[in-house]
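Residue strings, one per chain:
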Amino acid sequence: MGTYGRYPLALVRGKGVWVIDSDGRRYLDAVAGIAVCTLGHSDPVLRRALCRQLGKLQHVSNLYRIPEQEALAQAICQRSGADAVFFCNSGAEANEAAIKLARKHGHTVRSIDRPLILTAQASFHGRTLAAVTATGQPKYHQGFEPMVEGFRYFPYNDTAAFEALLAECEAEGPRVAAVLLEPIQGEGGVIPGDPAFFRRVRELCDHHQILLIFDEVQIGVGRSGQWWGHQRLGVEPDAFTMAKGLGGGIPIGALAVKSAVDHFRPGDHASTFGGNPFVCRAALTVIAEIERRRLLPHVQAMERLLVDQLLELAGRHPGRIEEVRGWGLLQGVVLSEAGPSAAEVVKAAMAEGLLLVPAGPRVVRLVPPLVIRPRHLRKLIKRLEKALISVC
Ligand SMILES: *Cc1c(COP(=O)(O)O)cnc(C)c1O
């Protein structure tokens, strides 16, 4: 169906940070399936691990124990403050699980009849009905009303506005079950969370026994240069979701929770495909390779190089780039109001052999594979500069 406005480009092969179209043209891929292909395309280690798994077992029901799933849950918990994990197939589905967990928390811990969940304006949590309602962008709601009830919105990083909304919702007794936030807003324009704001939200959630849930679907699994975006904030959530980068291109999502808020009991929630041996093997391999190749410090080094080079680029073209912001290998190039739009720059970059993706009308987003090297960054900057010149 026509759910996507697609570029006239058919990608047929890939290797590392490169993809090749049906005419044999090569593109440097700073999209990576939108922050999905953690190890790049057709990674030999991931490929071998998946081929071996295909020779063993692809899928069994969650009616049985799945050793790969148990190992993956343990790997996620060992690298975070979580104690238990629910597996599903996408970011939206992980957030749906989080929303159900939040409501159960509201009912059982705070004795709320009709619990509310507070989310941020300009957020993005996915396209299924509850996840899109959680998404604080009216353009994604339009045409799909009535939305799911029980969501309220406040401006991201705005402590006073958050305190005011919370006070209003709690005026006549407990109403709020959870606060759901991205540590850094991706889709909404690459806006890093403010640690002071997040610390205050954490404090208020603790005070009221409100769940603090982080949506780590885009920044999680190493993209920030830490395992999780919340480690950059220095604020721990009660639960967090992940998906995009977890399987390195194999669809998998997850909700990780602390034992204190592990409210699901048998029969409460399920997903037929969730956490099958094949997808868990992919995620286990991605996590092992991030460590074996020391990709967390590598991402930190690439962040410094990329940001420095983007700032130099901005300096060479005064008035075209307003700001460079982001964490690790999720970076946003904010274009000036007077110049071309992000969509125009993305199109021009494609003609120069560089794949980019907008994050809103004025922000060009860079989310390359975590294995990108300095020589690729230099090529990326050269091609982006040519694209900027060609549209101005
Ligand atoms: C992409 C994204 C989602 C939705 O993930 P899907 O796998 O497309 O359902 C949710 N939250 C954030 C922060 C995302 O970036």
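Residues numbered from 1 in each chain as written. Predicted model: local features only at pLDDT ≥ 70, side-chain atom pairs only at ≥ 80, totals over all residues. Heavy atoms only, no water.

Caption draft 1: Structural context of the overall build of the protein. Secondary structure assignment for the protein yields 13 helices and 17 strands. For the protein, the C-alpha radius of gyration of 21 Å lies close to 21 Å, the compact-globule estimate for 392 residues. Taking the principal axes of the C-alpha coordinates as reference, the protein spans close to 60 × 55 × 40 Å. The burial tally for the protein puts 56% of its 392 residues in the buried class. In the protein, the proportion of contacts linking residues at least 24 apart, taken out of those at least 6 apart, comes to 72%. Separation of charge centres in the protein, based on 46 positive and 39 negative side chains, amounts to 10 Å. (Helix = DSSP H or I, 4+ residues; strand = E, 2+ residues; numbered from the N terminus. Rg over C-alpha atoms; globule rule 2.2 N^0.38 Å. Buried < 20%, exposed > 50% of the residue type's maximum accessible area, 1.4 Å probe, protein only. Contact = heavy atoms within 4.5 Å. Lys, Arg positive; Asp, Glu negative; His and termini not counted. Charge placed at Lys NZ, Arg CZ, Asp CG, Glu CD.)

Caption draft 2: Highlighting the domain arrangement of the protein. Domain boundaries assigned for the protein yield domain 1 (11–30 + 294–391) and domain 2 (46–292). On a C-alpha basis, the centres of domain 1 and domain 2 stand 28 Å from each other. In this complex, domain 1 contributes 22 residues to the contact, which on the side of domain 2 involves 25 residues. In total, domain 1 and domain 2 occlude about 1,900 Å² of area from one another, counting both sides; carbon and sulfur atoms represent 61% of this. Per-residue buried area on domain 1 facing domain 2 is highest for L296, W327 and L330; these three make up 42% of the total on that side. One can count two salt bridges joining domain 1 with domain 2. One salt bridge connects E187 with R365, and the closest N-O pair in it is separated by 3.4 Å. With five residues, the single largest contributor to the side of domain 1 that touches domain 2 is helix α11 (residues 295–316). Grouping the amino acids of the side of domain 1 that touches domain 2 by side-chain chemistry returns 12 nonpolar, six polar and four charged. (Domains from an automatic or database assignment. Buried area = accessible area lost by both parts, 1.4 Å probe. Salt bridge = Lys/Arg side-chain N within 4 Å of Asp/Glu carboxyl O. Nonpolar A, V, L, I, M, F, W, Y, C, P; charged D, E, K, R; others polar.)

Caption draft 3: The side chain of S336, seen in detail. Counting through the fold element by element, S336 comes out in the loop between β14 (330–335) and α12 (342–351). Of note is the side chain of S336, whose polar atom sits 2.5 Å from the backbone oxygen of G319. Every residue in contact with S336, bar those within four places of it in the chain, is listed here: G319, R320, I321, E322 and R362. (Polar contact = N/O pair within 3.5 Å; in protein donor to acceptor, adjacent residues only side chain to side chain.)

Caption draft 4: A look at the site of the ligand. Taken together, S90, G91, A92, N95, F124, H125, G126, E182, D215, V217, Q218 and K244 make up all the residues around the ligand. Measuring from a nitrogen atom of the ligand, one finds a side-chain N or O atom of D215 at 2.7 Å. Side-chain polar atom of Q218 to an oxygen atom of the ligand: 2.7 Å apart, as the coordinates give it. In the complex, 81% of the free accessible area of the ligand, which totals 390 Å², lies under the protein chains. If you tally residues by element for the shell around the ligand, the top one is helix α4 (residues 91–108), at three residues. (Near = heavy atom within 4 Å. Areas by Shrake-Rupley, 256 points an atom, 1.4 Å probe, with all protein chains shown as cover.)

Caption draft 5: Inspection of the sheet that holds strand β15 (residues 354–355) at higher detail. Taken together, the four strands give an open sheet; going across it, the order is β1-β2-β3-β15, and neighbouring strands pair in mixed fashion. Looking at which strands have only one partner, the edges of the open sheet turn out to be β1 (11–15) and β15. Across two bridges, the pairing between strand β3 (residues 26–29) and β15 is parallel. For D29, the partnering residue across the bridge sits in β15 and is L355. (Pairing = 2+ DSSP bridges.)

Caption draft 6: Structural view of unusual backbone geometry. P146 follows E145 through a cis peptide bond whose omega is 0 degrees. Secondary-structure assignment places P146 in the loop between α6 (138–141) and β6 (151–154). For R294, which is not glycine, the phi dihedral falls at a positive 50 degrees.

Caption draft 7: Examining the side chain of T38 more closely. Assignment of secondary structure puts T38 in the loop between α1 (32–35) and α2 (44–54). Among the residues examined, T38 registers a relative accessible area of 2% and is labelled buried. Polar contacts involving the side chain of T38 include one to the main-chain carbonyl oxygen of G245, which spans 2.6 Å. Excluding residues within four positions of it along the chain, T38 makes contact with V221, G245, G248, V286, I290, P369, L370 and V371.

Caption draft 8: Seen up close, the sheet that holds strand β16 (residues 357–358). Taken in spatial order, the four strands make up an open sheet running β13-β14-β17-β16, and their pairing is antiparallel. If you trace the sheet from one side to the other, it starts and ends with β13 (321–327) and β16, each paired once. Note: β16 against strand β17 (residues 363–366), two bridges, orientation antiparallel. Across the sheet, residue V357 finds its bridge partner in β17, namely R365. Here α11 sits on the sheet in contact with β13, β14 and β17, set at roughly 175 degrees to β13. (Axes fitted to C-alpha atoms, helices over the stretch in contact; angles between N-to-C directions.)

Caption draft 9: Structural context of helix α10 (residues 277–292). For α10, with 16 residues, the first-to-last C-alpha span of 22 Å sits near the 22 Å given by 1.5 Å per residue. Here α10 lies mainly inside the structure; 12 of its 16 residues are buried. Listing the buried residues of α10 in full gives P277, F278, V279, C280, A282, A283, L284, T285, V286, I287, E289 and I290. Packing partners of the buried residues in α10 comprise α2, α3 (67–78) and α11. Where α10 begins, the side chain of N276 points an oxygen toward the backbone nitrogen of F278, at a separation of 3.0 Å. Looking one or two places after α10, you find R294, whose phi comes out positive at around 50 degrees. (Expected span 1.5 Å × (residues − 1).)

Caption draft 10: Focus on the packing of α11 against helix α13 (residues 374–391). Contact geometry for α11 and α13: axes closest at 10 Å, N-to-C directions at 25 degrees. Taken together, α11 and α13 sit at an angle that is classed as roughly parallel. Read as a crossing pair, α11 and α13 show a hand that is right-handed. Mapping the contact onto sequence places M302, L305, L306, Q309, L310, L313 and R316 in α11 and P374, L377, R378, I381, L384, E385 and L388 in α13. Of the residues in the contact of α11 with α13, the class split is 10 nonpolar, one polar and three charged. (Parallel < 35°, antiparallel > 145°, perpendicular 65-115°, else oblique. Left-handed = near helix turned anticlockwise from the far one by under 90°.)

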